[in-house]
Every structure is written in C-alpha cells, then in structure tokens.
Amino acid sequence: MSTLLSADNVTVTFTGGTLGRRQVKHALDGVSLQIGEDPPAIIAIVGESGSGKTTLTRLLLGLMAPTGGRVSYRGKLLSEMDRAERLTYRREVQAIFQDPFAAYNPFYRVDRALLLPLQRFGLARNRDEAYERIREALTVVGLRPAETLGRYPHQLSGGQRQRVMIARALLLNPRIIIADEPASMVDASLRATILDTLYRLKTEKGISLIYVTHDLTTAYQIADHVLVMNSGKVVESGDPDSVILNPQHPYTKSLISAIPSVDPDVSWGLDDDARVTAHG
Amino acid sequence: MTSTLEVRHLQVEFPLERGIARAVNDVSFTLHPGERLGLVGESGSGKTTTILAMLRLLAKPGRIAGGEVLLDGEDLVAATDETMRRARFSRISLVPQGAMNSLNPVLRIGVQFHDLLKAHGAWKSRGEARAHVARLLEAVELEPGVADLFPHQLSGGMKQRVCIAMAIALKPSVIVADEPTSALDVVVQKQVLRTLVRVQKELSASVILVGHDMALMSQFAHTIGVMYAGRLVEYGPVRQVFGNPRHPYTKMLIASLPSFSHRGRFLGIPGVAPSLLDPPPGCPFHVRCPSAIAGCSRDYPGEWLGEDGHRVSCHLVTEVRDVHPA
C-alpha cells in the first residue's frame, strides 16, 4: 500500500487550570495511522466520547497542529507545504461531518454548497459544465438531481442532506474522505444507505475512507482495518474479524458487550439489579 | 400508585397553509402498570407527536383532533389546563429529547428541582427539599453534590440522569421518555437505560420509550409499537414482533440493523417517508413496500388480530387470513 496521509506518533495536550494549578490533559498520546491508495482501504476509528477520535481527525484534516509528532500528506509535513501542495492536499482529502443540518447555510439552495468548491478549485470551465459534474456526483450517491437541486436544506431529509455532503466531497476527485460519525444523526433505516454509498466509493471509485464512529457494528461491516481508541491511545488495532470477533483488550470487550442484541432472548442485562456506577 | 393508561383513537392535526397534516392518525393502545412500551419508527412517523399529545404539550398549531387519553379512566384530553398541569410530573412525566437542551443553563441543578417541587405543592422546607433531591440523585446513581453544579459542568449521560431524576421526583405512574439516549455513546447509553429500568421498577411505573434503535428496543420493551406516517402499523409483545414480524415495514426495520454477520452489505429501506400533507391513498407504506399488491393503493388496511394482543394493519396479513382462516 502506498501511503498518502500519515500521522506519526502524534500527541495533543491541552493545558488548563489557572496559574500555579496547571493541568495537562493528553487528548492524544502517541498515535500513528497511515492510509493510502492501491488498494484503497477503509479504516474505522472506534471509541467513546472523549477517546480522542475527533482530535485525531482534526489533525488529519489540518484543522489543528499536533503538540508532538508529525502529520504528512504525500510525504510532506502539513506545516511545511507550499501553496500548490496545500491546494492539492485540500482537494484530495475531504471531510464529512456528523451533523448534516449544521453543514449548510440555511439561506441558500443546496446548489451553492456544490458549486462553490468547484469554483474555488477551478474545476469547471463554466456553469453548464459545473452542473453536469454536480448531476453526475448526485447520481453516484443515489440522489435524483431533479429532486435535489434548487431545494433549500430544510426541504431535504437528514439522509439526503448527508448524501449531498458526500456528493460535494466527491466533486473534487478526492483520494481520501474523512467521515466523523457520518451516519449517527440519521434514522437507522437511512444509516445503511449512507454507509453503502461510502463503501461503494471505495470499491467503485478507489477512494479511501477514514470512518470515525462509536458504533462497532457498522465499523465491522464497512472497514478493512479497525483502530480502537481509549483516553487518547490506540488500545487495539487489526482487521475487523480479529478485533471485533476476537477482542483482546478489556476496553474493546466492554464496548462490544455494550451493544444490544436484536434478539429479546439474548439478555443485555437491563433488568439485572446490580447498580452501575456513574462516571464522566 | 399503579395505574393504567389507555390511548383511544388519538388524532393529531397540524393545520398549515398548504392543508392539514395528520401527524397522528387513529392510534390506540393500552399501557398496563409496570409495562414498558417501545414506540419505534422513522423521523416524522408521529412517535414524538403521540407522546406530546398525551401530555398536552403539542406545539402550535398542532391540536388533538379526536380520541381520548385515559389515565385511570380520566380523560386527559378533556381535562382543564390546571388539572393537566398538576398531572404532569405527579402522574405522568416526560424525559425530554436532548437532555442537554432541556435544563436551564443558568440555574444550579438543585434549584431546578426546588422549582419543580414548589410548582407542585411538594415544597415543605429548604432542608427537606435538599434531602429529597439528594435521594433522587442517588436513585439515578449521581452524587448529591451534583445539586450544586450547573448543567454545563455535567456530561451528557449525567444530564440525562438528572432529567430522569426530575421525571421520578413526584413518583408518577407513567414515565414517557423521548429518545433519552440517542445522543449518548454505547457504554453510557446502557448505563442510562439500566437506571431507567431500575427506577421504573422501584416505582412500579409504566414507561413509554420513543426511539428508532430497534436493537435497544428489543432489550428494553415488553411491548413494541411500530409507527409509520402517523399510523400504528404493528403492535404487540416484543417476542411476537421481533420473532414473527408481520408488517413489511417492521421486517425491513429489523433487517436494516447492522450486525456482525455480514460485511460490505448494507440493507436500508429505500425511498422516503410520505408527506403527511398529501399522503398516498390506501396504505401509506405501499409506495416503498416490496410486496405491495393491487389493493394496497386503494384502502387503508383493516386490523389483523393475532395472539397476545399482536395487531397488524397490512393488506397482506388480512388477505392471507381470509384465504386460510386460522
């Protein structure tokens, strides 16, 4: 596998507290991750809230700099890129966020969210060509252009809005998509369509994916490689069959045991009388 | 006190400029003391509207257009505003969707409990109220010191527990919880639900849990109600509904659950829910239904009654019964 995007031994610390009572918190503590092409891959980053998974995606997207360690794209440190390299990186690494409601400006039709990136990167010669590419991208993500274009965000369902965001990422011919909980805010029945769309981008378009989630089940279904994070560290990693069907780390085991079974006869222990201790 | 809640032919309408949206259409069910009902369905299927109507908390222009909500025989739909106000929290209480946004950000948790006790005439003295709040917080596995904190100092799971503690403060016989765990991650979700189950048992209260996570519902609920486009399309004991689902929509909801059994294959429910302003004729699901037959676009199906109160509104089920009488 040729590596495109790489985080090497990255650390992020937040310093809090008042003078004299300094508190240092490790949001990330020595994490490494590589993702590339040929063949494209899907890496799932799994963990609870506060495990550091979102901090890691922010580093990979260049939205923040690590306190220690290196983040590089095509062998070049993000912090040392020249203008042209940075433009390539910005185009080839795309993001999809959790909340498909917050990602739009509610005053504009969805067309604008799709036209702007094409204009900014100069990827279409004129409006007709831009719209042609937009229609193509919408079709790839399973939306009918006629029913999508010209609408305002509130006129689309959460699942449709999230797929428009995937289409937006797709328009720029990315090599890597980083998706932070892309399906957690849509209905269970629509979750499958979002994941299917992302999965097909890998198999049909050769786009690699970093899928960030707290849902081990969907991580198992979609990923080639799973990283389990806890308190800023990777506690277990490997292919989904070994990590999820045969977990070694107690934290991975506890995450798996927290998943309810759809069979009412496989008890999840809700009616057990033992008290659970609250933390957090 | 234990009591029975009976919802009969509940209708909720939203008169809008473009017409009337029927958000809840002829919904009926009975909730027995200690029973846990799970109401499932997609966004916009009417589950939240149903429970808000029961509590008479519908946002304008929503209105109850028909039906009854009987709590121990007394119709809450016909009750005066003052009777309804007293009934909330003391007889039927709500754990709202998104606990993050339902607590007052500028008041300490303890003060918010005190307001609740005062509004319901349960206030005796400051000392007694403090002790009461400490007991309630303990019941949801929180430290008594939480009373002195502001909401932003608590995690999502802790805020959700605070909302549960408020909902049980006056020992209601019915607790209604609207997606109380959908914003929480798996581990915390399980802890919060266990807390809910334990306090429910201690009070012998019944619970209605609204959500769209079928796996969670199969673990939590004794009874499942599946809603689609404002209709209760399937209803019955959890083992019947999951073991032998009859409505194609229920079957697809269960099949759409991710599992550890297959990789690279994702089953969803194609299409989108119909507009409530202009619903398709006949069964509202027929447009997305893989097994629709001619009659499905003509009339709304009658109700098929199976074992143990299992009810289904689907032409496929009623037709089969006509051909092969059981």
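Residues numbered from 1 in each chain as written. Chains lettered and ligands numbered in written order. Predicted model: local features only at pLDDT ≥ 70, side-chain atom pairs only at ≥ 80, totals over all residues. Heavy atoms only, no water.

**Student:** Would you mind going over the environment of Ile 96 of chain A with me for this structure?
**Tutor:** All names here are of chain A. Counting through the fold element by element, Ile 96 comes out in strand S6 (residues 93-96). Since its relative accessible area comes to 1%, Ile 96 is described here as buried. The spatial distance from the C-alpha of Ile 96 to the C-alpha of Arg 168 is 9.2 Å, given a sequence separation of 72 residues. When neighbours within four sequence positions are excluded, Ile 96 is seen to be in contact with Gln 162, Met 165, Ile 166, Ile 177, Ile 178, Ala 179, Asp 180, Pro 182 and Leu 198. (Helix = DSSP H or I, 4+ residues; strand = E, 2+ residues; numbered from the N terminus. Buried < 20%, exposed > 50% of the residue type's maximum accessible area, 1.4 Å probe, protein only. Contact = heavy atoms within 4.5 Å.)

**Student:** What is the right way to read the nonpolar core from this model?
**Tutor:** Core analysis: the largest hydrophobic core is formed by 66 residues, its most contacted members being Phe 113, Val 162, Leu 196, Phe 220 and Ile 224 of chain B. In contact with Leu 196 of chain B, not counting residues within four places along its chain, are Ile 164, Ile 175, Ala 177, Val 207, Leu 209 and Phe 220 of chain B. Met 165, Leu 170, Ala 183 and Val 228 of chain A belong to the second-largest nonpolar core, a separate cluster that totals 55 residues. (Core = buried A, V, L, I, M, F, W, Y, C linked by side-chain atoms within 4.5 Å.)

**Student:** Could you clarify how one ought to interpret helix H7 (residues 188-205) of chain A in this entry?
**Tutor:** Note that an α-helix has 3.6 residues per turn; residues three or four places apart therefore point the same way. Residue and element names in this part refer to chain A. With 18 residues, H7 ought to run about 26 Å at 1.5 Å a step, and its terminal C-alpha atoms sit 26 Å apart, in line with that. Of the residues making up H7, those classed as buried are Ala 188, Ser 189, Leu 190, Arg 191, Ala 192, Ile 194, Leu 195, Thr 197, Leu 198, Tyr 199, Leu 201 and Lys 202. Gly 206 sits one or two positions beyond H7 and adopts a positive phi of about 70°. (Expected span 1.5 Å × (residues − 1).)

**Student:** Would you mind going over the pattern of salt bridges with me for this structure?
**Tutor:** Any two side chains of opposite charge can pair, on the condition that their charged atoms come close. Under the defined criterion, the tally for this structure stands at 30 salt bridges over all chains. For Asp 224 of chain A, the salt bridge is made with Lys 202 of chain A, and the minimal N-O distance between the two is 3.2 Å. Of this pair, Asp 224 of chain A sits in the loop between helix H8 (216-222) and strand S9 (225-230) while Lys 202 of chain A is found in helix H7, placing the two residues 22 residues apart along the sequence. A salt bridge links Lys 201 of chain B to Asp 271 of chain A; the nearest nitrogen and oxygen atoms lie 2.9 Å apart. Note that Lys 201 of chain B is positioned in helix H7 (residues 186-203) and Asp 271 of chain A in the segment after helix H10 (250-257), a pairing that runs across two chains. For Asp 271 of chain A, a relative accessible area of 35% translates into the label partly exposed. Three or more residues joined by partner-sharing salt bridges are found here, namely Glu 141, Arg 161, Arg 198 and Glu 202 of chain B. (Salt bridge = Lys/Arg side-chain N within 4 Å of Asp/Glu carboxyl O.)

**Student:** Would you explain the sheet that holds strand S5 (residues 74-75) of chain B in this entry?
**Tutor:** Remark on secondary structure: sheet strands pair via backbone hydrogen bonds, oriented parallel or antiparallel. Spatial ordering of the open sheet is given by S2-S1-S4-S5 (chain B), a layout of 4 strands whose pairing is antiparallel. Bordering the open sheet on either side are strand S2 (19-31) and S5 of chain B, each of which pairs with just one other strand. (Pairing = 2+ DSSP bridges.)

**Student:** In this structure, what is going on with the interface of chain B and chain A? I would like to understand it.
**Tutor:** By a widely used convention, the size of an interface equals the accessible area lost when the partners come together. Chain B puts 48 residues into the contact, and the matching count from chain A is 51 residues. Between chain B and chain A we count 4 salt bridges in total. Between Asp 241 of chain A and Arg 263 of chain B there is a salt bridge, with the nearest N and O atoms lying 3.2 Å from each other. Ranked by residues supplied to the side of chain B that touches chain A, first place goes to H7 of chain B with 12 residues.

**Student:** Honestly, the confidence of the model for chain B in this entry has me stumped. Any pointers?
**Tutor:** Caution is warranted with low-pLDDT regions, since their predicted coordinates should not be read in detail. Residue and element names in this part refer to chain B. Per-residue confidence for chain B gives a mean pLDDT of 90; residues scoring 70 or more make up 96%. Residue range residues 322-326 is modelled with pLDDT below 50. Its contacts to residues more than four positions away, or to other chains, number 0 contacts. The complex model carries a pTM of 0.86, and its ipTM stands at 0.76. (pLDDT = per-residue confidence, 0-100.)

**Student:** Looking at this structure, I do not really get the sheet that holds S6 of chain A. What am I missing?
**Tutor:** Residue and element names in this part refer to chain A. Taken together, the 6 strands give an open sheet; going across it, the order is S6-S7-S8-S3-S9-S10, and neighbouring strands pair in mixed fashion. Each of the sheet's edge strands pairs with one partner strand only, and the pair in question is S6 and strand S10 (233-238). Across the sheet, the mean angle separating the axes of adjacent strands is 20° when strand polarity is ignored. Direction of pairing for strand S7 (residues 176-180) relative to strand S8 (residues 208-213): parallel, over a ladder of 5 bridges. If you follow Asp 180 over to S8, its bridge partner there is Val 212. With respect to the sheet, H10 is in contact with strand S3 (42-46), S9 and S10, its orientation differing from that of S9 by roughly 100°. (Axes fitted to C-alpha atoms, helices over the stretch in contact; angles between N-to-C directions.)

**Student:** I tried to follow the packing of aromatic side chains on my own but got confused; where do I start?
**Tutor:** Aromatic rings in a pair are described by how distant their centres are and how their planes are angled relative to each other. Inspection of the entire model under this criterion finds 7 aromatic pairs over all chains. Seen from their ring centres, Tyr 73 of chain A and Tyr 89 of chain A are 5.5 Å apart, and the 55° between their planes marks the pair as tilted. Here the residue Tyr 73 of chain A occupies a position in strand S4 (residues 68-73), and Tyr 89 of chain A occupies one in helix H2 (residues 83-92), the gap between them amounting to 16 residues. Tyr 73 of chain A gets classed as buried once you look at its relative accessible area, which sits at 2%. Residues Tyr 220 of chain A and Phe 260 of chain B carry aromatic rings whose centres are separated by 5.4 Å and whose planes lie at 75° to one another, so their mutual orientation is edge-to-face. Taken together, the positions of Tyr 220 of chain A in helix H8 and Phe 260 of chain B in the loop between helix H10 (248-255) and strand S11 (303-305) put the pair across two chains. Given a relative accessible area of 5%, Tyr 220 of chain A falls into the buried group. Three or more aromatic residues link up through ring pairs in this structure, and these residues are Tyr 228, Tyr 249 and Phe 285 of chain B. The side chain of Arg 112 of chain A reaches across the aromatic face of Tyr 108 of chain A, ending 3.7 Å from its centre. In this structure, Arg 36 of chain B is placed above the aromatic ring of Phe 220 of chain B, and the distance from its NZ or CZ to the ring centre is 5.0 Å. (Phe/Tyr/Trp six-rings, centres within 6.5 Å; stacked < 30°, edge-to-face > 60°. Lys NZ or Arg CZ within 6 Å of the ring centre and 35° of its normal.)

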